[in-house]
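# Working through the structure, step by step
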Amino acid sequence: MVWSMTGYGREITTIGETAVTVEIRSVNHRFLDISAKMPRSLLFLEEKIKRTIKSYFQRGRVEVFINIEGGGLVKRSLTVDWTLMDQYIEHLSTIKNRYDLQGNIPLEMITGIEDIFNVQEQEHSQDELAAAIIDGVDSTCCQVYEMRRKEGSELANDMLKRIDYIRNIAKWLGERREIVIMEYRDRIVNRLQEYLQDNGINDESRMIQEAAILAEKGDITEEVTRLDSHANQFSKTIQLNEAVGRKMDFILQEMLREANTIGSKSNDIQISEWVVGLKSEIEKIKEQVQNIE
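Residues numbered from 1 in each chain as written. Predicted model: local features only at pLDDT ≥ 70, side-chain atom pairs only at ≥ 80, totals over all residues. Heavy atoms only, no water.

Rules: UniProt positions are given in the numbering used here, feature names are shortened, and annotations may be inferred rather than shown by experiment.
Looking up the protein chain in an unreviewed UniProt entry gives the name TIGR00255 family protein, with the organism given as Sediminibacillus albus. Taken from UniProt, the Cofactor (unreviewed entry) comment for the protein chain reads in full: "a divalent metal cation". According to the UniProt record, the Sequence similarities (unreviewed entry) comment for the protein chain reads "Belongs to the YicC/YloC family."

So, in structure tokens, the structure goes:
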């Protein structure tokens, strides 16, 4: 099973009035390259965030964005100094009675008294914030992982179809090999006969020996066998439950090498056409493998 290196995820976690947003974007890269962008006050979490990401991915450029919005990390609460309030009421009542004042004590007078009402601020603990951020990173990684898995599955299906086509070409090449050898040998014999006749040489055994040697040089049996073997190895590799992108890329390089050798050995028009199709399919798979973890 293969995984793509392209994915995206977003998770929002709330702590009271504070919203912690984690976004992760993943793209192609030869190795695992992690970039974390967050407020400077959160830099103490950078290594822990990277360890979390490494537990999910082995290759790709992974960018993490962490943003904090809302009421901040401070929780506000209103408190009343009841002891002071009682003293104020007691003294206001004494003043009212002493000077025989009429009416009720207005509420505005009480609310305007300093130090009766206080706004207290309580910060969320650093541990609570750190836990929320790491949980957000973990959840976002799960989203990215799932997206990479789905895209990887689609890529795998397409590559396997192309590998099947490459196997068919290898089969066609193998079937045509004998015909091509015979045709090639006949052409060599005819040319040697013309050469020997023109030069007054009559050595048929030598002519046949030279024709066999030259025909053998144009034989593509080994290349076709290796090509088919590489195709089978590629199909097995794609099923492994590990990072296989580099290994797949190496196998494709070997397949392309065999295709080039077959093309250089053969002068057959049909084989040349198949080799063009073969190289085209290999190149298309190589492009897809660049996005495989």
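## Let's talk about the overall build of the protein chain
How we decide: Each helix is a run of H or I in the DSSP string that is no shorter than four residues. Each strand is a run of E no shorter than two, and both are numbered from the N terminus. Relative accessible area decides the class of each residue, using a 1.4 Å probe on protein chains only: under 20% of the type maximum gives buried, over 50% gives exposed, and in between gives partly exposed. Contacts were defined at the residue level, with two residues in contact if any of their heavy atoms lie within 4.5 Å. Surface exposure here means Shrake-Rupley accessible area, sampled with a 1.4 Å probe, where a residue is shielded only by the protein chains that are shown.
When helices and strands are counted, the protein chain shows eight helices and six strands. Scored against the burial criterion, the 293 residues of the protein chain give a buried share of 35%. Once local pairs closer than 6 in sequence are excluded, the contacts in the protein chain between residues at least 24 apart make up 81%. Carbon and sulfur atoms form 48% of the exposed surface of the protein chain, whose accessible area is close to 17,900 Å².

## Side note on the environment of N67
Spelled out, the test is: N or O atoms closer than or at 3.5 Å make up a polar contact, with two conditions inside protein: a donor-capable atom paired with an acceptor-capable one, and, for residues adjacent in sequence, both atoms drawn from side chains.
Within the fold, N67 resides in strand β4 (residues 60–70). With 28 residues separating them in the primary sequence, N67 and P39 have C-alpha atoms 7.3 Å apart. Beyond its immediate chain neighbours, meaning those up to four positions away, N67 contacts A19, V20 and T21. For N67, the side chain forms a polar contact with the side chain of E69, separated by 3.1 Å.

## As for the packing of aromatic side chains
How we decide: Side-chain rings of Phe, Tyr and Trp (the six-membered ring for Trp) are treated as a pair once their centres are within 6.5 Å; stacked means planes under 30 degrees apart, edge-to-face means over 60, and tilted covers the remaining angles.
Tallying each qualifying case throughout the model produces five aromatic pairs. Cluster of aromatic residues (ring-pair linked, three or more members): W3, Y56, F57 and Y145.

## Some points on the side chain of R148
Note that R148 resides in helix α4 (residues 126–198). In terms of polar contacts, R148 uses its side chain to reach the side chain of S26, at 2.7 Å. The residues contacting R148, other than those within four sequence positions of it, are W3, S4, M5, T6, G7, S26, F57, R59 and E293.

## Structural notes on the packing of helix α7 (residues 245–265) against helix α8 (residues 269–289)
How two helices sit against one another is set out by the angle between their axes and by the gap between those axes. Operational definition: Working convention: axes come from line fits to C-alpha atoms, limited for helices to the stretch in contact. Angles between N-to-C directions cover 0 to 180 degrees. Angle categories are assigned with fixed cut-offs, so that under 35 degrees is roughly parallel, over 145 is roughly antiparallel, 65 to 115 is roughly perpendicular, and the rest are oblique. The sense of a crossing depends on the near helix, which, turned anticlockwise from the far helix by less than a right angle, makes the crossing left-handed and, turned clockwise, makes it right-handed. Throughout, the ten residues Ala, Val, Leu, Ile, Met, Phe, Trp, Tyr, Cys and Pro are labelled nonpolar, Asp, Glu, Lys and Arg are labelled charged, and all others, Gly among them, are labelled polar.
Between α7 and α8, whose axes approach to 10 Å, the crossing angle comes to 165°. Put simply, α7 runs roughly antiparallel to α8. For the crossing formed where α7 meets α8, the hand is left-handed. Contacts between α7 and α8 pair G245, M248, D249, L252, Q253, M255, L256, A259, N260, I262 and G263 from the former with I271, V275, L278, K279, I282, E283, I285, K286 and V289 from the latter. Taken together, the residues of the contact of α7 with α8 sort by class into twelve nonpolar, four polar and four charged.

## As for the layout of surface pockets
With a probe scaled to a water molecule rolled over the atoms, the places where space remains empty come into view. Applied cut-off: Here a cavity denotes grid points, spaced 1 Å and computed from the protein atoms alone, that fit a 1.4 Å probe unable to get out, and a pocket denotes an open set having protein on both sides within 12 Å along at least 5 of 7 lines; residues with an atom within 4 Å of a point are the lining. Grid points are joined across faces, edges and corners, and a volume is the space filled by probe spheres set on the points.
Taken as a whole, the largest pocket spans an internal volume of roughly 180 Å³. If you go around the largest pocket, the residues you meet are M5, N28, H29, R30, F31, R59, G245, R246, D249, V289 and Q290. For the lining of the largest pocket, the element with the most residues is α7, which contributes three residues. In terms of residue class, the lining of the largest pocket is built from three nonpolar, four polar and four charged.

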